[in-house]
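Residue-level listing of the chains:
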Amino acid sequence: MPVRDTTEFSRTMLRFRFNLLVLAVALLSAPVLSDLVLTRVDRRVDLTSQIVRIASTLKIENTGKDSVSEVLLVFPERQAKNLAYLTAVSSAGKGKAKASAVNLPVENVNSEGMPPALVAYQVSLPEGGLGKGESFTFDVSAVFSHSLQPFPEKITQADTQLLVFEESAYFFSPYAVKVQSLTVKLPHPRVESYTKLENTKIQGSEIKYGPYEDLAPFSYSPIVVHFESNQPFVVARELVREIEVSHWGNVQVTENYNLVHGGSQIKGEFSRLDYQARPHIRGASAVRNLVAKLPPRAHSVYYRDAIGNISTSHLWGDSRKTELEIEPRYPMFGGWRTAFTIGYGLPLQDFLFESEGKRLLNISFGSPINEIIIDTLIVKVVLPEGSRDISVSAPFPVKQWQETKVSHLDVIGRPVIALEKSKVVPEHDQYFQVYYKFNSISMLREPMMLISGIFLLFVACIVYVHADLSISKSSASYLAKLQWEEVQSVIQQVNNLINRCLMVHDKLDASLRDLSRTGDVQACKAARKHADGLLKELSKELKPLLSILQTSPQAAQILPKVEELVVRERELQDKLMVKHTTVVDCYEKKVSGREIENRIASQQNKITALRQEVDDLLDFIDEL
C-alpha cells in the first residue's frame, strides 16, 4: 500500500479507536437488563451495494418471573445516525406458514439509564407479551445509509473503488447472548483486508464470524473490512416529487433530481478516449446509467435536464412493469453532480379509490430509481381545487405541511400536501394514502369557465361589430371635425382650379412656340381666344369657394395663403396675356425674332418668378 494511503488508513483507524473509547465508556455506565436472554442470534450483513443491510434473526427467552411486552434494540450513536430504516417482523412458522407473520411496532425511546452514546429502539411484542420461560423468534431488518466509507477517498480514473466497513463481530445488545453468528456478504471476492478473530473464515465473497457462545450484555468486538466495490454510489442530495391528481383520468408525476456520486472522488484528469475504449477498466466505479422502475401502465414518459433532452434514454415495459433506462450526459465519477427531471402519467383508476365517503389516493412514496440514497425527499400531492378534509396516512414518520398551487383555470388554487423525510432508502418506497373529500359537481367548474369565456368572447365580438363607436354628431368636437373636413375639401377644389389655370397658361406658351415655328398668326389668336374663355369660367368657379373659406372660422389660419395664391395666379395670368399680345403684334409687323426676344425678356423674367411663387404656395397648402 502506498505511503499516503497508509497514512490515511492510520487516521481512519485512530478515529475508529476513538469511537471505541467513547463506546467503552458508555458501556460501563449502561444498565444490564437480565430478565431476557437471546438464546440465538444470526446476523447477515449485505454489502453488495452502497446501502448496508443487516438482517438479524433473534430468538429471545424470558428467564424472569414477570411477563415482558417489549424488547430493546441498541445501537451505538455513530451507527444510529446513519440508520435509515428499521423493522421487526415475527417469524413464527416456516415456508408458507410464515405468511402469517406480522410487523411488530418499533419506536425510538430514551431508555432510563441509557448513556447518550447509545440509541435505543423498543420492539413491542404481540399481545399478551412473553411469559415466564417462554421464547419468541423475530426478524430485525436494519438499513443504513452512508455507512461505507471510500478508502482511499480519492482515486484515478483507472483505479478500482475500495471501501471500509466497521461493525462488531458480536451482536450489540443489553441482553446476554448464548449463541450468535455473523455473515458479511461482499460484492466481490477480492478483499484487501479484514479483522481476523476466533472462528473466522472466508468463503468466496462471504466472511463468516462465529459461532460465539455465552456473550455478556453489551459485548463488543470491533471488526473492519476493507474490500473492493465498484457499485455506483448514487446519492440524491434532494428529490422533489410532485404528484398532481386530475379527476379527468390522470395522475401526473414529476420528479426533480439533484444527484451526486458519493463514492471515491476522481483525481487527475478525465480522459474520454480511455473511457470509451475500456469503460469497465477506465471507469469501473463511474455511474453509466440509471434504471427507474415505473408503475406498470405509465405513459407520456419524458426525461430532460437543465438544457433539454439530448441524452440517451430507453423505455420498455409490459403489463407488470415499465422500466426507464437513463444514460446521463456524461459518466458520473466520484464527487460529480448532475440534475435532471423525470415525468410520467398514470391512469387515475389504478391509484384513486372510494373509502367511507372519501376519495383515497394510494401511491408509492420513494424514488423508482434502483439502489438510490436520498438525503432529503419532498413529496408534494397536488389535489383538485375544492378538495377538503384532507388527511395523510404514511407507514413511517414524516414531516408534513400544506400549501397552495395556482394553475390554469384556478380560482382559489389547489391544495398541496407536502411530506418530507430524510435518509430515504429503497425500503421506504411503500404506499401511502391521502384521504380527502371532493364534490363531483366541482369537476364542471373548469369546463364551464372555459365555455363561459368562449361565449363572452363571441358576445364581445358581436357587440363590437354592431356598436357605433363614433363620436356623437351633436358634440362640438364632431361639428368642428365636420367643418374642418369641409374646409379641406374646399381648399382641395381651389388647388384643382389653380392647377387647371396653370394648364391653360402652358397651352398659351405652347401656341407661341407654334407661332415661331409656323408663323400662323390666326391659329395663335384662336388659341388666345379659347384660353380667355377657359380662364373666365375658372374664375367664376373660384369665387364661391373663396366665399366659403372667408365665412368659415376653421379656415382663418389658411385663408391668407389661399388668397395670396389666387392673387399671384392673376398676376401671372396678366403677364402671360401681355406677353402673348406683344409677340402676336410683332409677328404681324414682321419684326425679327431677336427683336421679339428683346422686347419680352423682362416680361419673361417676371412670369418665371411668379410661376415659382405659385408653385411654392400650392406645395405649402397641400402639406396642410
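By the naming in an unreviewed UniProt entry, the chain goes by Dolichyl-diphosphooligosaccharide--protein glycosyltransferase subunit 1 and is assigned to Rhodamnia argentea. The record in UniProt for the chain states the following under Subunit (unreviewed entry): "Component of the oligosaccharyltransferase (OST) complex." Quoted verbatim from the Subcellular location (unreviewed entry) field of UniProt, the annotation for the chain is "Endoplasmic reticulum membrane".

A.B. asks: It is not clear to me how empty space enclosed by the protein should be interpreted in this structure. Could you clarify?
C.D. replies: Here the idea is plain: a probe the size of a water molecule rolls over the atoms and shows the empty space left. Applying the stated rule across the entire model yields three cavities of 30 Å³ or more. In this structure, the largest cavity encloses a volume near 170 Å³. The wall of the largest cavity is formed by 15 residues, among which Arg43, Ser56, Val74, Phe75 and Phe171 lie closest to the centre. Mapped onto the lining of the largest cavity, the elements with two or more residues apiece are strand S2 (52–62), strand S3 (70–76) and strand S8 (135–144). Considering every element that reaches the lining of the largest cavity, the biggest residue donor is S3, with four residues. Here the residues of the lining of the largest cavity are counted per class, giving eleven nonpolar, two polar and two charged.

A.B. asks: So what exactly am I meant to see when it comes to the packing of helix H5 (residues 476–518) against helix H6 (residues 521–551) here?
C.D. replies: When two helices pack together, their arrangement is given by the angle between the helix axes and by the axis-to-axis distance. For the pair H5 and H6, interaxial distance at closest approach is 10 Å and the crossing angle is 170 degrees. The pairing of H5 with H6 is recorded here as roughly antiparallel in orientation. Across the contact of H5 with H6, the residue classes break down as 22 nonpolar, three polar and four charged.

A.B. asks: Any chance you could explain the pattern of salt bridges here in plain terms?
C.D. replies: Where side chains of opposite charge bring their charged atoms close, a pairing between them can arise. For the coordinates displayed, the defined rule picks out 28 salt bridges. Salt-bridge contacts for Arg43 lead to Glu167; the nearest nitrogen and oxygen are separated by 3.6 Å. Of this pair, Arg43 sits in strand S1 (residues 36–46) while Glu167 is found in strand S11 (residues 162–168), placing the two residues 124 residues apart along the sequence. For the pair Arg43 and Glu167, a shared accessibility class is recorded, and that class is buried.

A.B. asks: What's the story with the sheet that holds strand S23 (residues 322–327) in this structure? I'm lost.
C.D. replies: Whether parallel or antiparallel, the strands of a sheet pair through hydrogen bonds between backbone atoms. Strands sit in the order S20-S23-S22 across an open sheet of three strands; the sheet is antiparallel. Among the strands making up the open sheet, the edge pair consists of strand S20 (290–294) and strand S22 (312–317). The average angle at which neighbouring strand axes cross in this sheet is 15 degrees, direction not considered. Pairing of S20 with S23 involves five bridges; the strand directions are antiparallel. Residue pairing across strands places Val291 opposite Glu325, the latter belonging to S23.

Conventions we followed
- Residues numbered from 1 in each chain as written.
- Predicted model: local features only at pLDDT ≥ 70, side-chain atom pairs only at ≥ 80, totals over all residues.
- Heavy atoms only, no water.
- UniProt positions renumbered as here; feature names shortened; annotations may be inferred.
- 1 Å grid on protein atoms, 1.4 Å probe; cavity = no way out; pocket = protein on both sides within 12 Å on 5 of 7 lines; lining within 4 Å.
- Points joined across faces, edges and corners; volume = space filled by probe spheres on them.
- Helix = DSSP H or I, 4+ residues; strand = E, 2+ residues; numbered from the N terminus.
- Nonpolar A, V, L, I, M, F, W, Y, C, P; charged D, E, K, R; others polar.
- Axes fitted to C-alpha atoms, helices over the stretch in contact; angles between N-to-C directions.
- Parallel < 35°, antiparallel > 145°, perpendicular 65-115°, else oblique.
- Salt bridge = Lys/Arg side-chain N within 4 Å of Asp/Glu carboxyl O.
- Buried < 20%, exposed > 50% of the residue type's maximum accessible area, 1.4 Å probe, protein only.
- Pairing = 2+ DSSP bridges.

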